[in-house]
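Observations on the model geometry
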Amino acid sequence: MDAIEIKKELGQKAAQLIQSGMIVGLGTGSTAECFIHSLIHRVKTEKLSIQAVASSEHSAELARAGGVPVMDLNEAPHVDITVDGADEIDPQKRLIKGAGGALLREKILASASRSMVVLADESKLVSHLGKTKLPIEILSYGAAATRRHIEALGYKGSWRLGLFSEIRPTFRLPQQTENLFVTDNGHLIFDLTFSHPLQNPEQLHSELIQIPGVLETGFFFHLAKTILIGHSNGQIKQLS
Ligand code: 5RP
């Protein structure tokens, strides 16, 4: 089974968890998209009556286009379940998220949800977090100074490039290109990379989050209740 087929299977499996009357949190990324497509299918074919709350403009548009009503998180009295993807998952169910640039809204939505279901293929399983990168969402105002604070702690990284949002930062970084990635919130993403696997991600998170201008890190601790891993032989296993 190829990567796309695995994501589709995962999306279908997660869509089966949704019941009429639920308020459903929609994650962001290619796996979350497969879930949204399966959810749309169930809404159309089984007349499932749900409302959704989205972690990105893209996921909201996709759901609305498929006939799923999407409300603002501020209007949702609660969120029953959020289904999202992940970039790295360790044996303690700690995650790194944010390769799609939606980490801040994803974390707010997951924290507001009664349960978070994470869908990923086996390539996302790691023994220690920090294998790929750690995205950090940063306020555009003073972002160059915020970066210096991060680097003074001994960490290395780079600004995420590629414009995906209509929102432009109100403050331009010195000597920076025009194509900085801008989140749905109008912020920038700084991607940290590591030369060694992370031994203490909680400590790193608390160091970073104390820096003024750092809005959120891509670490998700104690949020993922259920993690479904898709394997190339077609099996889906729940991480225990
Ligand atoms: C977006 C995310 C995504 O959920 C994560 O990057 C996984 O994406 P994909 O399912 O495309 O591999 O955190 O901010």
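One can find the structure itself at the top, above this paragraph.
Criteria and cut-off values
Residues numbered from 1 in each chain as written. Predicted model: local features only at pLDDT ≥ 70, side-chain atom pairs only at ≥ 80, totals over all residues. Heavy atoms only, no water. Near = heavy atom within 4 Å. Polar contact = N/O pair within 3.5 Å; in protein donor to acceptor, adjacent residues only side chain to side chain. Areas by Shrake-Rupley, 256 points an atom, 1.4 Å probe, with all protein chains shown as cover. Nonpolar A, V, L, I, M, F, W, Y, C, P; charged D, E, K, R; others polar. Helix = DSSP H or I, 4+ residues; strand = E, 2+ residues; numbered from the N terminus. Expected span 1.5 Å × (residues − 1). Buried < 20%, exposed > 50% of the residue type's maximum accessible area, 1.4 Å probe, protein only. Phe/Tyr/Trp six-rings, centres within 6.5 Å; stacked < 30°, edge-to-face > 60°. Lys NZ or Arg CZ within 6 Å of the ring centre and 35° of its normal. Contact = heavy atoms within 4.5 Å.

On to the site of the ligand, then. Close contacts around the ligand come from 16 residues, with Thr28, Ser30, Thr31, Asp87 and Lys124 the closest. Contact distances for the ligand include 3.3 Å between an oxygen atom and a side-chain N or O atom of aspartate 84. Within the side chain of aspartate 87, a nitrogen or oxygen atom sits 2.5 Å from an oxygen atom of the ligand. Relative to its unbound accessible area of 380 Å², the ligand is 90% covered by the protein chains. Its residues placed into classes, the shell around the ligand shows 3 nonpolar, 8 polar and 5 charged.

For the rest of this paragraph, the subject is helix H2 (residues 30-46). Residues that lie three or four places apart on an α-helix share one face, since the helix turns once every 3.6 residues. Its 17 residues place the ends of H2 24 Å apart at the C-alpha level, agreeing with the 24 Å of an ideal helix rising 1.5 Å per residue. The set of residues buried in H2 consists of Thr31, Ala32, Cys34, Phe35, Ile36, Ser38, Leu39, Ile40, Arg42 and Val43. Positive phi appears at lysine 47, one or two residues downstream of H2, with a value of about 55°.

This part takes up the packing of aromatic side chains. Under the criterion given, the structure shown has 2 aromatic pairs. Pairing tryptophan 159 with phenylalanine 190 gives two aromatic rings, centres 5.0 Å apart and planes at 65°, and the pair type is edge-to-face. Here phenylalanine 190 lies in strand E9 (residues 188-193) and tryptophan 159 lies in strand E8 (residues 156-159), a separation of 31 residues in the sequence. One exposure class covers both tryptophan 159 and phenylalanine 190, and it is buried. When the ring centre of phenylalanine 220 is taken as reference, the NZ or CZ atom of lysine 107 above it lies at 5.4 Å. Residue placement shows arginine 160 over the ring face of phenylalanine 181; its charged tip is 5.6 Å from the ring centre.

A separate point is the environment of proline 201. Mapped onto the elements, proline 201 comes out in helix H6 (residues 201-209). Classification of proline 201 by relative accessible area gives buried; the value is 0%. Contacts of proline 201, omitting those with residues within four sequence positions, involve Arg94, Leu129, Phe219 and Phe221.

Purely spatial values, then, with no claim about function.
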